[in-house]
Amino acid sequence: MVRAATMDRPARRGSDYAELSRRIGRAGLLDRRPGGYGARIVLTVAAFVAGWVAVPLVGDSWWQLAVAVGLAVATTQVAFLGHDAGHRQMFRRRGPSEVTGLLAGNLAVGLSYGWWVDKHNRHHANPNHEDEDPDVGAGALVWTYEQAAVTRGFGRRLARRQAWLFFPMLLLEGLALHVASVRALVARGPDGRYATPMRHRAVEGVLLAAHAVGYLGLLFAVLSPGKALAFIAIHQGLWGLYMGCAFAPNHKGMPMPTADDDLDFLRKQVLTARNVRGGRFIDVALGGLNYQIEHHLFPNMPRGNLRRAQPLVRAYCAELDLPYAETGLVESYRQALAHLHEVGRPLRG
């Protein structure tokens, strides 16, 4: 397994996170920001709705492909709102958070909110843990030598060149998310119970169906079949690419703890995450996920407070002599791709 030296049995000090939490609390950085989120929701929803209003206005024209590009960006921004709702960054109470998440995820994007919350919570609990984090489980990509060694057939050929194929494969991520959402909605385990826990399974099913009918119905009503399929390919492909590009810098290529590593909460979250430097544009483009360390330490911290929390967290890590990973966007991709390329190296031999 590819692992960094910083994972080798650090001292366990459970009180360190409590002290950092007190400092963050005293700075008021866990307080909700209703005004900021209100403006963000209005602007994001306005851009999303404007994109779909443009479809019938533009009509049966190849200019619709430009609309599809814009809608891919707006769709990802709506998905970021669903992410924030899932962490209760907007509202303290579960009810409003779930309503927002269901509307943003199931209805607007076509992504199961319940499935995503279950998967994402497991990721936050054990980030980059091969056996516990679903984001680094073996699949189309492999993240460890052990995963690569057991690949066979097409998967083995894919793993050999996965670093080169990473970005092209992200063009299929949107389709994969839709398929996973439907599968989570209906799949059952050997005992006959639903495999994925969901609080509002029937509502999620209705909203996903409404999304599919509205999405396909509008496009095929306005566009010829060929243009409609081209629109879908560009919109879904770029949405998946954008989503993947927003999440890839966060943990890929960072240390991967195992059951043998004795890490407290603070070190588990800091050592496995990477921040991305940048100004306000990067903050908006990546949905605040560029502050991945702060987000993992305080998942319910409002997105707008992450930038203010960063200096406190970085300084505290320096006090503890705890590595704090931060790099530029391009360099973050280079590190992630280098990890993928290294994992596939034995297969190329």
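My aim in this report is to walk through the structure given alongside it, one point at a time.

### Regarding helix α16 (residues 329-343)
The end-to-end C-alpha distance of α16 is 22 Å, a good match for the 21 Å that 15 residues give at a rise of 1.5 Å each. All of the buried residues along α16 are S332, Y333, A336, H339, L340 and V343. Take α16 and look down its axis: the buried residues cluster within an arc of 125 degrees, on one side only. Against the buried residues of α16 lie α6 (145-149), α8 (162-170), α11 (225-251), β1 (275-276), β2 (326-327) and α17 (345-348).

### Quick word on the environment of H120
Mapped onto the elements, H120 comes out in helix α5 (residues 113-125). Taking the C-alpha atoms as reference points, H120 and G205, separated by 85 residues in sequence, lie 20 Å from one another. Those residues in contact with H120 that lie beyond four places of it in its chain are H83, H87 and H295.

### Some details on a nonpolar patch on the surface
A cluster of nonpolar side chains, contributed by V45, V49, V53 and L57, occupies part of the molecular surface with about 350 Å² of accessible area. Mapped onto the elements, V53 comes out in helix α2 (residues 34-58). By relative accessible area, which is 42% here, V53 ends up partly exposed.

### Details of the environment of Y324
Inspection of the secondary structure assignment puts Y324 in the loop between α15 (306-319) and β2. A C-alpha to C-alpha distance of 7.1 Å links Y324 and L271, two positions 53 residues apart in sequence. Setting aside anything within four residues of it in sequence, one finds Y324 in contact with N275, I293, E294, Q310, V313, R314 and C317. Polar contacts involving the side chain of Y324 include one to the side chain of N275, which spans 2.9 Å.

### Considerations on the side chain of S61
Take S61: it is sitting in the loop between α2 and α3 (64-86). In this structure S61 touches L223 and K227, once residues within four positions along its chain are discounted.

### Topic: the packing of aromatic side chains
Taken as a whole, this structure holds seven aromatic pairs when the rule is applied. With a centroid separation of 6.0 Å and 45 degrees between ring planes, the pair formed by W52 and F231 is classed as tilted. Linking W52 in helix α2 with F231 in helix α11, this pair joins segments that are 179 residues apart in sequence. An aromatic cluster is present here, built from Y17, F265 and F298 joined pairwise through their rings. Seen from the ring of W143, K252 lies directly overhead, with NZ or CZ sitting 4.6 Å from the centre.

Analysis parameters
- Residues numbered from 1 in each chain as written.
- Predicted model: local features only at pLDDT ≥ 70, side-chain atom pairs only at ≥ 80, totals over all residues.
- Heavy atoms only, no water.
- Helix = DSSP H or I, 4+ residues; strand = E, 2+ residues; numbered from the N terminus.
- Expected span 1.5 Å × (residues − 1).
- Buried < 20%, exposed > 50% of the residue type's maximum accessible area, 1.4 Å probe, protein only.
- Arc of directions from axis to C-beta.
- Contact = heavy atoms within 4.5 Å.
- Patch = residues over 30% accessible without salt bridge, like charges linked within 9 Å, V, L, I, M, F, W, Y side chains within 5 Å.
- Areas by Shrake-Rupley, 256 points an atom, 1.4 Å probe, with all protein chains shown as cover.
- Salt bridge = Lys/Arg side-chain N within 4 Å of Asp/Glu carboxyl O.
- Polar contact = N/O pair within 3.5 Å; in protein donor to acceptor, adjacent residues only side chain to side chain.
- Phe/Tyr/Trp six-rings, centres within 6.5 Å; stacked < 30°, edge-to-face > 60°.
- Lys NZ or Arg CZ within 6 Å of the ring centre and 35° of its normal.

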